[in-house]
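In case you want the letters, here they are:
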Amino acid sequence: MESQIIEIDVADWQVANSNPARIAGLEAGKVLYFPHLPFALLPEERGLLRPDIRDPKVRNISLDAAGHLKGASGDTATQLALALMIGRFRSHAQSLVHSLLPKYKDALRLAPTSFRPTQVETRAQSWRADDRRLHVDAFPSRPNYGERILRVFSNVNPDGVPRVWRIGEPFETVAKKFLPRAKPYISWQASLMKTLHITKSCRSEYDHLMLQLHDGMKGDMSYQESADQITMPFAAGSVWVCFSDQASHAVMSGQYMLEQTLHLAPEQQYDPQSSPQAILARLVGHPLV
Ligand SMILES: O=C(O)CCC(=O)C(=O)O
Ligand SMILES: [Fe+2]
């Protein structure tokens, strides 16, 4: 399998010049890896790196687009310090993406920034929520009608512990494997799920198929083992960027990560034909949204 990782050795969150090969690689579903791009914590922020800073009822701590902090435990001073740290990471992530992908700059829609203090190996989850299985991102309750999910990840582990991912095969290969097993889209069921508030809006055929891929991959243990894949330790002090709705990924171990999600309409890509929506529409032979 062709390498799914493009390494970029820059040490500045403002990349000097944008590069067509990187952009095409990212839009083809590859992961851009910056091995030497630490997000430097302030001395007073070191104390925020502890698992019990998360409210046990939620999965991650997050700062929403409006700047509200969710999911943290602790007093007002702690919550303020967390919001400042996560907000600073957000600015860094945005300047990285804007300098790397100038065409996206005015088209991106900001989504929450997360802080993940939990040790991955200790997390117990249902198979469907278990990100230790290879998957492409698709959200059961939030249909997105083809809008892209671009994510910036930063390993801020203070003890040099890598965040280990597996990275699987290209999206089209995944789609060709799982589309034939996908349940058909039934529009009245999509309306019913909206009425019952199972989904926030009506699932499109695109959303249905993406969830079928997500569930199909995670539910197939022999696929999990036998699919073409590499194990990738993302070093402490590194950053990686990918379209997580396209790059097949799984997290195996690690602790302390910051993550920024950005949404993008596929029409705003450098090459809209490389989007999952375009690939799936070609494979099924009709438009999906
Ligand atoms: O926690 C991680 O490293 C990645 C989990 C994941 O699958 C995701 O954020 O989409
Ligand atoms: Fe994921």
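Residues numbered from 1 in each chain as written. Chains lettered and ligands numbered in written order. Predicted model: local features only at pLDDT ≥ 70, side-chain atom pairs only at ≥ 80, totals over all residues. Heavy atoms only, no water.

Student: Would you mind showing me how to read the environment of Arg109 here?
Tutor: Mapped onto the secondary structure, Arg109 falls in strand β5 (residues 109-116). Here Arg109 falls in the partly exposed class, since its relative accessible area comes to 43%. Taking the C-alpha atoms as reference points, Arg109 and Ala81, separated by 28 residues in sequence, lie 25 Å from one another. Not counting residues up to four positions away in its chain, the partners in contact with Arg109 are Glu147, Leu262 and His263. A distance of 2.8 Å separates polar atoms of two side chains, one belonging to Arg109 and the other to Glu147. (Helix = DSSP H or I, 4+ residues; strand = E, 2+ residues; numbered from the N terminus. Buried < 20%, exposed > 50% of the residue type's maximum accessible area, 1.4 Å probe, protein only. Contact = heavy atoms within 4.5 Å. Polar contact = N/O pair within 3.5 Å; in protein donor to acceptor, adjacent residues only side chain to side chain.)

Student: Sorry if this is basic, but what is going on with the pairing of strand β9 (residues 239-243) here?
Tutor: The two faces of the sheet receive side chains in turn, since in a regular strand these alternate between them. Within β9, five of the five residues are buried, leaving the element largely enclosed by the surrounding structure. The alternating pattern of β9 places Val239, Val241 and Phe243 and Trp240 and Cys242 on opposite faces, both of which are buried. For strand β2 (residues 31-34) and β9, the ladder comprises three bridges, and the chain directions are antiparallel. Bridging across to β9, Tyr33 finds its partner in Trp240. (Pairing = 2+ DSSP bridges.)

Student: How should I be thinking about the coordination of the iron ion (ligand 2) in this particular structure?
Tutor: Geometry sets the ideal angles at a metal, namely 109.5 degrees for four tetrahedral donors and 90 or 180 degrees for six octahedral donors. Distances from the iron ion (ligand 2) to its protein donors, His135 (NE2), Asp137 (OD) and His249 (NE2), fall at 2.1 Å. The sequence pattern formed by the donor residues of the iron ion (ligand 2) is H-x1-D-x111-H. Taken together, the positions of Asp137 in the loop between β5 and β6 (148-155) and His249 in strand β10 (residues 249-253) put the pair 112 residues apart, joining distant regions of the chain. Note on Asp137: relative accessible area 7%, which makes it buried. (Donors = N, O, S within 2.8 Å, 3.2 Å for Na, K, Ca; no water.)

Student: Explain the pattern of salt bridges here, please?
Tutor: Note on pairing: side chains with opposite charge can pair once their charged atoms come close. A full pass over the atoms with the stated rule returns 17 salt bridges. For Arg50, the salt bridge identified is with Asp52, shortest N-O distance 2.7 Å. With relative accessibility at 32%, the residue Arg50 sits in the partly exposed group. Taking the shortest distance from any N to any O, the salt bridge between Lys177 and Glu169 comes out at 2.9 Å. Overlapping salt bridges bring together Arg116, Asp137, Arg151 and Glu259 as one network. (Salt bridge = Lys/Arg side-chain N within 4 Å of Asp/Glu carboxyl O.)

Student: Honestly, empty space enclosed by the protein in this entry has me stumped. Any pointers?
Tutor: Leftover empty space is mapped by rolling, across the atoms, a probe with the size of a water molecule. A complete count under the given rule lists two cavities of 30 Å³ or more for this structure. Of the volumes computed, that of the largest cavity is approximately 80 Å³. Lining the largest cavity are Asp137, Ala138, Phe139, Arg142, Pro143, Asn144, Ile149, Tyr206, Asp207, Met210, Leu211 and Asp245. Ranked by the residues each element gives to the lining of the largest cavity, the list is headed by helix α5 (residues 205-218), at four residues. Of the residues assigned to the lining of the largest cavity, the class counts are seven nonpolar, one polar and four charged. One number sums up the size of the second largest cavity: a volume of about 50 Å³. Grouping the constituent residues of the lining of the second largest cavity by class yields five nonpolar, five polar and one charged. (1 Å grid on protein atoms, 1.4 Å probe; cavity = no way out; pocket = protein on both sides within 12 Å on 5 of 7 lines; lining within 4 Å. Points joined across faces, edges and corners; volume = space filled by probe spheres on them. Nonpolar A, V, L, I, M, F, W, Y, C, P; charged D, E, K, R; others polar.)

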